Amino acid sequence: MRRVCFLLRVRPERLEEYRERHREVWPEMREALRETGWGNYSLFLADDGLLVGYLETPDWDAAQRGMRDREVNDRWQAEMAEFFTALDGRQPDEAMRPLTEVFHLD
């Protein structure tokens, strides 16, 4: 199982709304994430807008491809894009770049 961690940045003026939107993630979005291999998925948000994502998946590339093929993901990414900075024209899920793991303790 691969552990994946990524960073994004939420616009400071949109932090509370971003938190609110994630209190009620659409059931079909949750289902799509599970079905495409996004396990133990968490998002952590700092007061300055730094967003840290963590998930475990058997295949990161397949998990991303699987979500790209889901209509619900297209709708979710389109709605979430306005919350982020520095996407350079990409959807948020396209801007996720895994960090290199340098230490792990079981």
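It should be noted that the structure appears before, not after, this text.
Now for a quick tour of the structure. (Residues numbered from 1 in each chain as written. Predicted model: local features only at pLDDT ≥ 70, side-chain atom pairs only at ≥ 80, totals over all residues. Heavy atoms only, no water.)

1. Side note on helix H2 (residues 27-35)
No. 1: Of the residues making up H2, those classed as buried are Met29, Ala32 and Leu33. Projected onto a plane normal to the axis of H2, the buried residues spread over an arc of 100° and lie on a single side. Away from its buried face by more than 90 degrees, H2 exposes Pro27 and Arg34.
No. 2: Where H2 is buried, its residues touch strand E2 (39-45), helix H3 (60-68) and helix H4 (71-80).
No. 3: Just downstream of H2 lies Gly37, where phi reads positive at about 95°. (Buried < 20%, exposed > 50% of the residue type's maximum accessible area, 1.4 Å probe, protein only. Helix = DSSP H or I, 4+ residues; strand = E, 2+ residues; numbered from the N terminus. Arc of directions from axis to C-beta. Contact = heavy atoms within 4.5 Å.)

2. Concerning the pairing of strand E3 (residues 50-57)
Remember that side chains alternate between the two faces of the sheet whenever the strand is regular.
No. 1: Only one face of E3 is buried: it carries Leu51, Gly53, Leu55 and Thr57, and the other face, with Leu50, Val52, Tyr54 and Glu56, is open.
No. 2: Bridge count for strand E1 (residues 2-9) against E3 is 8 bridges, and the pairing is antiparallel. In the sheet register, Arg2 faces E3, and the bridge partner there is Thr57.
No. 3: In this structure, E2 lies alongside E3, joined through 5 bridges in antiparallel fashion. When the bridges of E3 are listed, Phe44 appears paired with Val52. (Pairing = 2+ DSSP bridges.)

3. What about the side chain of Thr36?
No. 1: By the secondary structure assignment, Thr36 is in the loop between H2 and E2.
No. 2: Looking at Thr36, the relative accessible area reads 13%, which means it is buried.
No. 3: A distance of 2.8 Å separates a polar side-chain atom of Thr36 from the backbone oxygen of Ala32.
No. 4: Apart from residues no more than four positions distant in its own chain, Thr36 is found in contact with Ala62, Ala63, Gly66, Met67 and Arg70. (Polar contact = N/O pair within 3.5 Å; in protein donor to acceptor, adjacent residues only side chain to side chain.)

4. Some thoughts on unusual backbone geometry
No. 1: The phi dihedral of Asn40 is positive, around 50°, even though this residue is not glycine.
No. 2: Here Asn40 shows up in strand E2.

5. Brief notes about the side chain of Gln64
No. 1: Topologically, Gln64 is positioned in helix H3.
No. 2: Taking relative accessible area as the criterion, Gln64 reaches 15% and is therefore assigned buried.

6. Topic: the packing of aromatic side chains
No. 1: Applying the stated criterion to the full structure yields 6 aromatic pairs.
No. 2: Taking the centre distance of 6.5 Å and the plane angle of 45° together, the rings of Phe6 and Tyr41 count as tilted. Of this pair, Phe6 sits in strand E1 while Tyr41 sits in strand E2, placing them 35 residues apart in sequence.
No. 3: Residue classification places Tyr41 among the partly exposed positions, given a relative accessible area of 28%.
No. 4: Members of the aromatic cluster, joined through ring pairs, are Phe6, Trp38, Tyr41 and Trp60. (Phe/Tyr/Trp six-rings, centres within 6.5 Å; stacked < 30°, edge-to-face > 60°.)

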